[in-house]
Amino acid sequence: MTLGTASIKRLGILISGRGSNMVALAEAVQADRIPNAEIAIVISDQPNAAGLAKAQERGIETLVIERGGRARAEHDREIVSALKARAVDLVCLAGYMRMLSRDFIDAYRERILNIHPSLLPSFPGLDAQRQALDAGAKVTGCSVHFVDETLDGGPIIARRTVPINPDDTVESLSARILIEEHKLYPKVVAMLTSGGEPPS
Ligand code: GRF
């Protein structure tokens, strides 16, 4: 993956809800744990996403771009033009609950990341924590991967494991996975902005 020649990489973060991974990225940029980076924009497809206020509190520009009954491609075109207008280099999906159109992926090929709460390729799609519990898995975790046309199926960059306890509920397991998500995502983005090695 190449992130262009400018020394400061501009991140565009897409959310649909709570935005805790977005906050983890913002705090890591602020603390210089993601070197050579700034967050150019946080875009939500949901006007009531709690993450919007969290971004604004941190002085980050936010934008709501609702689907509004439009075709996916048209919605995505508006998002891509907002990202391009802000010279975004790297797109981070952080709880963004929509598949991307081919044109969006082509516009940022190998420069779109997603975080998913399972050890991909196991348990892609919705309710990954419940899927892991229902399967009787002993271990699950989280993964950061490049986004392609498949559902959570693009090349995996890094993963972290989380043990499943016999008394785990979806809530308790999700909370433990989330702690690891908040560590892993900034490390992967830092690796990409600094040209280093994937985190172990
Ligand atoms: C996270 O579990 C992430 O892995 C998944 O959606 C959830 C988003 O949480 N893709 P948040 O909005 O970052 O708090």
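Preceding this section is the structure that the text describes.
A few points on the structure.

### Here we look at the environment of Phe146
1) Next: With respect to the helices and strands, Phe146 occurs in strand β6 (residues 139-146).
2) Next: Each C-alpha atom of the pair Phe146 and Glu110 lies 6.0 Å from the other, and the pair is 36 residues apart in sequence.

### Examining the nonpolar core
1) Next: Judged by nonpolar contacts, the single largest core of 42 residues is most densely connected at Ile13, Leu113, Tyr185, Val188 and Val189.
2) Next: The element contributing the most residues to this core is helix α6 (residues 170-194), with nine residues.
3) Next: With near-sequence residues (within four places) excluded, Val189 lies in contact with Leu11, Leu25, Ile34, Leu90, Cys92 and Leu113.
4) Next: Counting residues in hydrophobic clusters, the runner-up holds 19 residues, among them Ala40, Ala82, Val88 and Leu100.

### Examining the environment of Ile41
1) Next: Along the polypeptide, Ile41 turns up in strand β2 (residues 37-44).
2) Next: On the basis of relative accessibility, which here comes to 0%, the residue Ile41 falls in the buried class.

### Focus: the pairing of strand β5 (residues 112-116)
1) Next: Within β5, five of the five residues are buried, which leaves the element mostly enclosed by the surrounding structure.
2) Next: Burial along β5 is two-sided: Ile112, Asn114 and His116 facing one way and Leu113 and Ile115 facing the other are all buried.
3) Next: Inspection of the sheet shows strand β4 (residues 90-93) paired to β5 by three bridges, in the parallel sense. Its bridge partner being in β5, Cys92 is matched across the sheet by Leu113.
4) Next: Following the backbone out of β4, through helix α4 (residues 102-107) and into the adjacent parallel β5, one traces a crossover that is right-handed.
5) Next: As paired strands, β5 and β6 are joined by four bridges and run antiparallel to one another. Counterpart to Asn114 in the pairing with β6 is His145.

### Quick word on the site of the ligand
1) Next: Taken together, Arg18, Gly19, Ser20, Asn21, Gly95, Ile115, His116, Pro117 and Glu181 are the residues near the ligand.
2) Next: Within the contact set of the ligand, an oxygen atom lies 2.5 Å away from a side-chain nitrogen or oxygen of Arg18.
3) Next: If the ligand stood free it would expose 360 Å²; the protein chains cover 87% of that surface.
4) Next: Counting residues per element, the ones that place at least two in the shell around the ligand are α1 (20-30) and β5.

### Details of the sheet that holds β2
1) Next: Overall, mixed pairing links the seven strands, which are arranged β3-β2-β1-β4-β5-β6-β7 in an open sheet. Looking at strand neighbours, the two that pair on one side only are β3 (62-64) and β7 (156-163), the edges of this open sheet. The sheet shows a mean angle of 20° between the axes of neighbouring strands, direction not considered.
2) Next: In this structure, β6 lies alongside β7, joined through seven bridges in antiparallel fashion. Note that in β7 the partner of Val139 across the bridge is Pro163.
3) Next: Set on the sheet, helix α3 (residues 72-85) makes contact with β1 (9-15), β2, β3 and β4; between it and β2 the angle comes to about 155°.

About the criteria used
- Residues numbered from 1 in each chain as written.
- Predicted model: local features only at pLDDT ≥ 70, side-chain atom pairs only at ≥ 80, totals over all residues.
- Heavy atoms only, no water.
- Helix = DSSP H or I, 4+ residues; strand = E, 2+ residues; numbered from the N terminus.
- Core = buried A, V, L, I, M, F, W, Y, C linked by side-chain atoms within 4.5 Å.
- Buried < 20%, exposed > 50% of the residue type's maximum accessible area, 1.4 Å probe, protein only.
- Contact = heavy atoms within 4.5 Å.
- Pairing = 2+ DSSP bridges.
- Right-handed = clockwise from strand over helix to strand, strands pointing away.
- Near = heavy atom within 4 Å.
- Polar contact = N/O pair within 3.5 Å; in protein donor to acceptor, adjacent residues only side chain to side chain.
- Areas by Shrake-Rupley, 256 points an atom, 1.4 Å probe, with all protein chains shown as cover.
- Axes fitted to C-alpha atoms, helices over the stretch in contact; angles between N-to-C directions.

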